[in-house]
Amino acid sequence: MAFTLETGDLKKLKYFIDYALENPTFLNMPQLQFVKDFVEKFGGTVPPGQFNGGSAGGKCPFGGDAGAKANEPANASVDSEDEKSLSDPESDVELDMEGVIEADSDPAQPMGNYSKKATEEEVEQASELRAQAASAYGEQKFDEAIALYTKAIELSPGNALFHAKRGQAFLKLKKPNACIRDCDMALELNSDLAAGYKFRGRARRLLGDFELAAHDLRQACKLDFDEEIDEWLKEVTPNAKKIEQHRVKQERRQAERKIEERQRDQRRARKEQEKHNASSGGSSGEFFPGAPGNVNISDILGVMKDPEVSAAIQDILSNPGNITKYASNPKIYNLIKKIVPGGDVGAAFGQAGEKAGEPSEPKPKKDSADFVDDGLD
């Protein structure tokens with residue numbers, strides 16, 4: 001198989017060289033680095049500087065404005081409007097924070113050893129301690145009540161009500177986090193204990209966690225309604241509703257932003273396509289402005305980004321006959337197929353061999369005087 005440069009290919013190559021001679025900084029374009037390397041390999045020098053369009057009337061031979069406005073995308077104003085619409089700040093929800101207190105940070109209280117199984121005597125003693133703790137609580141001796149409940153928990157661990165009641169005493173001391181720890185344990189031991197939800201809901205209200213407080217207090221009402229729970233629930237409901245409505249609004253806005261982002265990306269893609277069509281539509285896909293042929297430069301340059309292809313092209317440019325070395329290389333095969341008129345790759349590789357000193361058997365010509373058609377094929 002051999003390869004030769006057809007007349008149309010040679011015209012393209014000559015046009016490329018003439019254009020580069022007239023606009024040498026054209027070779028500084030990243031896409032043509034392999035050509036610049038080829039020139040410098042043989043002692044040539046490409047003048048430094050950025051290509052600004054040369055004689056192409058301010059247009060890069062690959063399409064698009066290469067002048068000063070190249071750094072100003074046409075869709076900049078559209079993108080800025082899109083970004084502005086996507087970055088609209090969310091309004092802050094206004095809550096009534098009256099009654100919210102500072103969180104306590106005391107070490108965690110003892111929770112008892114739940115691997116221990118209490119004896120009947122210990123259970124009886126724990127019940128007596130609970131009665132004493134309730135009495136101390138009634139006398140507003142909350143620290144004493146907490147100490148008594150702690151002793152009861154250590155004697156008879158696993159009693160959910162002991163934890164809930166100790167949590168109630170912590171509430172009176174304005175220690176909501178300690179209360180929440182006890183209520184969490186109480187509900188872990190008994191998920192249907194209304195007192196656990198009630199006091200945890202109140203503790204969360206004191207910390208300003210209105211939505212969680214409302215959730216706990218609603219659950220407490222379902223399990224064992226009382227007037228105090230209902231009063232506490234009414235207290236947190238306005239803020240809880242504001243938070244819920246704000247969250248719904250945020251979720252809706254996030255969904256709208258996703259739609260806006262998708263629409264923005266679609267607009268960008270359309271503008272890029274329009275820009276591409278405008279730059280290539282009137283030139284019939286020519287390699288350079290005014291050059292013959294129908295090769296699309298964007299396709300060629302995309303392939304030439306491959307280092308293997310770039311090196312092969314340099315080798316072929318140095319000696320066209322070297323193309324026979326790449327006859328089995330699919331990358332080079334497909335590239336030649338794009339360039340060769342009619343896509344006759346087999347003929348291209350075959351003719352290259354002829355030019356490289358591998359002549360094929362001569363074919364008789366019908367218009368030769370020595371040729372006689374006897375009608376036998």
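Summary of the structure given here. Owing to the predicted nature of the structure, the values given are computational and were not obtained by experimental measurement.

## Details of the overall build of the protein chain
Part 1 of the reasoning: Helix and strand content of the protein chain: 14 helices and 0 strands.
Part 2 of the reasoning: From first element to last, N terminus to C terminus, the protein chain shows the α and β order α-α-α-α-α-α-α-α-α-α-α-α-α-α.
Part 3 of the reasoning: Evaluated residue by residue, the protein chain yields a buried proportion of 34% over its 377 residues.
Part 4 of the reasoning: Surface exposure of the protein chain reaches about 22900 Å², of which carbon and sulfur atoms provide 50%.

## Considerations on helix α9 (residues 210-223)
For the α-helix, the turn length of 3.6 residues means that residues three or four positions removed from each other point alike.
Part 1 of the reasoning: The terminal C-alpha atoms of α9, which comprises 14 residues, lie 20 Å apart, in line with the 20 Å expected from a rise of 1.5 Å per residue.
Part 2 of the reasoning: Taken as a whole, α9 has its buried residues at Phe210, Ala213, Ala214, Asp216, Leu217, Ala220 and Cys221. The arc that holds the buried residues of α9, viewed along the axis, is 165°, so those residues lie on one side.

## Let's talk about unusual backbone geometry
Part 1 of the reasoning: Here Gln140, not a glycine, exhibits a phi torsion of approximately 60°, which is positive.
Part 2 of the reasoning: Relative to the helices and strands, Gln140 resides in the loop between α4 (120-138) and α5 (142-155).
Part 3 of the reasoning: We classify Gln140 as exposed; its relative accessible area is 61%.
Part 4 of the reasoning: Positive phi, normally seen in glycine, also occurs at Lys174, with a value near 60°.
Part 5 of the reasoning: Mapped onto the secondary structure, Lys174 falls in the loop between α6 (160-172) and α7 (176-189).

## Regarding the packing of aromatic side chains
Part 1 of the reasoning: Enumeration over the complete set of coordinates arrives at 1 aromatic pair.
Part 2 of the reasoning: Ring centres of Tyr137 and Phe142 lie 5.3 Å apart, and the angle between their planes is 65°; this geometry places the pair in the edge-to-face category. Pair check on accessibility: Tyr137 and Phe142 agree, each one buried.

## Description of helix α2 (residues 33-41)
Part 1 of the reasoning: Where α2 is concerned, the buried positions are Phe34, Val35 and Lys36.
Part 2 of the reasoning: Immediately beyond the C-terminal end of α2, within one or two residues, lies Gly43, with a positive phi of roughly 90°.

Thresholds applied
Residues numbered from 1 in each chain as written. Predicted model: local features only at pLDDT ≥ 70, side-chain atom pairs only at ≥ 80, totals over all residues. Heavy atoms only, no water. Helix = DSSP H or I, 4+ residues; strand = E, 2+ residues; numbered from the N terminus. Buried < 20%, exposed > 50% of the residue type's maximum accessible area, 1.4 Å probe, protein only. Areas by Shrake-Rupley, 256 points an atom, 1.4 Å probe, with all protein chains shown as cover. Expected span 1.5 Å × (residues − 1). Arc of directions from axis to C-beta. Phe/Tyr/Trp six-rings, centres within 6.5 Å; stacked < 30°, edge-to-face > 60°.

None of the figures reported here should be taken as evidence of function without further support.
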